[in-house]
Amino acid sequence: MNEEKLLEEIYQNANTGIYSIETILPKVEDSRVSDELISYQGKLGRIAQNARQMMAQKAMDPTETGVMSKMGIWTGVQMNTLQDKSSSHIADMVIRGNTIGITKMTRELNQALAEDPRVRRLGEELVNTQRRNIETLKKYL
């Protein structure tokens, strides 16, 4: 995988997390969990912005998250919170999403041939941010 593809994956991964949090926030009843998610969303936003800036330097246009992907996220959140909006359940849902994000990003990093070390560092920052978020949310399980 080349550097451009890795940047695209970083951007997509962060934006998927941002959209997921946007979708789940209205369901959160615990202000502490809500605050944690808003903080995490801001961190993902900064990573996505950095990826977007790196892409612009390479004359790349980022691909936005697809409608089908967003529909899947929205539907999943609606179904998963229909009967259980507890802090524990919300934390579990976000932890599962982070785990998927970590797995995808780790795979991409392992396959990437990025010449620019900033790109690799940004991908690693994303993985580490997701890991820290998991640790933060464990106290709500």
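Above this text is the structure in question.
Let us look at the structure shown here.

1. Looking at the pattern of salt bridges
Turning to step 1, where the next piece is worked out: Under the defined criterion, the tally for this structure stands at 7 salt bridges.
Turning to step 2, where the next piece is worked out: Here Lys 58 ties to Glu 3 by a salt bridge, and the two come within 2.6 Å at their closest N and O atoms. One end of the pair, Lys 58, is in the loop between α2 (31–57) and α3 (67–81); the other, Glu 3, is in helix α1 (residues 3–24), with 55 residues separating them in the sequence.
Turning to step 3, where the next piece is worked out: Note on Lys 58: relative accessible area 29%, which makes it partly exposed.
Turning to step 4, where the next piece is worked out: The salt bridge partner of Arg 32 is Asp 30, with a shortest N-O separation of 2.8 Å.
Turning to step 5, where the next piece is worked out: Residue Arg 32 is classed as exposed on the basis of its relative accessible area, which comes to 51%.

2. Comments concerning the packing of α2 against helix α5 (residues 117–137)
Turning to step 1, where the next piece is worked out: Contact geometry of α2 with α5 gives a least axis separation of 11 Å together with a crossing angle of 170 degrees. As the angle between them shows, α2 and α5 are arranged roughly antiparallel. Here α2 contributes Glu 36, Leu 37, Tyr 40, Lys 43, Leu 44, Ile 47, Asn 50, Ala 51, Met 54 and Gln 57 to the contact with α5, which in turn contributes Arg 118, Val 119, Leu 122, Glu 125, Leu 126, Thr 129, Gln 130, Asn 133, Thr 136 and Leu 137.
Turning to step 2, where the next piece is worked out: Class assignment of the residues belonging to the contact of α2 with α5 gives a composition of 10 nonpolar, 6 polar and 4 charged.

3. Considering α5
Turning to step 1, where the next piece is worked out: The end-to-end C-alpha distance of α5, which contains 21 residues, comes to 30 Å, matching closely the 30 Å that a straight helix rising 1.5 Å per residue would cover.
Turning to step 2, where the next piece is worked out: Along α5, the residues classified as buried are Val 119, Leu 122, Gly 123, Leu 126, Val 127, Thr 129, Gln 130, Asn 133, Ile 134 and Leu 137. Along α5, the residues classed as buried sweep out an arc of 150 degrees about the axis, all on the same side.
Turning to step 3, where the next piece is worked out: Those residues of α5 that are buried are in contact with α1, α2 and α4 (87–111).

About the cut-offs
Residues numbered from 1 in each chain as written. Predicted model: local features only at pLDDT ≥ 70, side-chain atom pairs only at ≥ 80, totals over all residues. Heavy atoms only, no water. Salt bridge = Lys/Arg side-chain N within 4 Å of Asp/Glu carboxyl O. Helix = DSSP H or I, 4+ residues; strand = E, 2+ residues; numbered from the N terminus. Buried < 20%, exposed > 50% of the residue type's maximum accessible area, 1.4 Å probe, protein only. Axes fitted to C-alpha atoms, helices over the stretch in contact; angles between N-to-C directions. Parallel < 35°, antiparallel > 145°, perpendicular 65-115°, else oblique. Contact = heavy atoms within 4.5 Å. Nonpolar A, V, L, I, M, F, W, Y, C, P; charged D, E, K, R; others polar. Expected span 1.5 Å × (residues − 1). Arc of directions from axis to C-beta.

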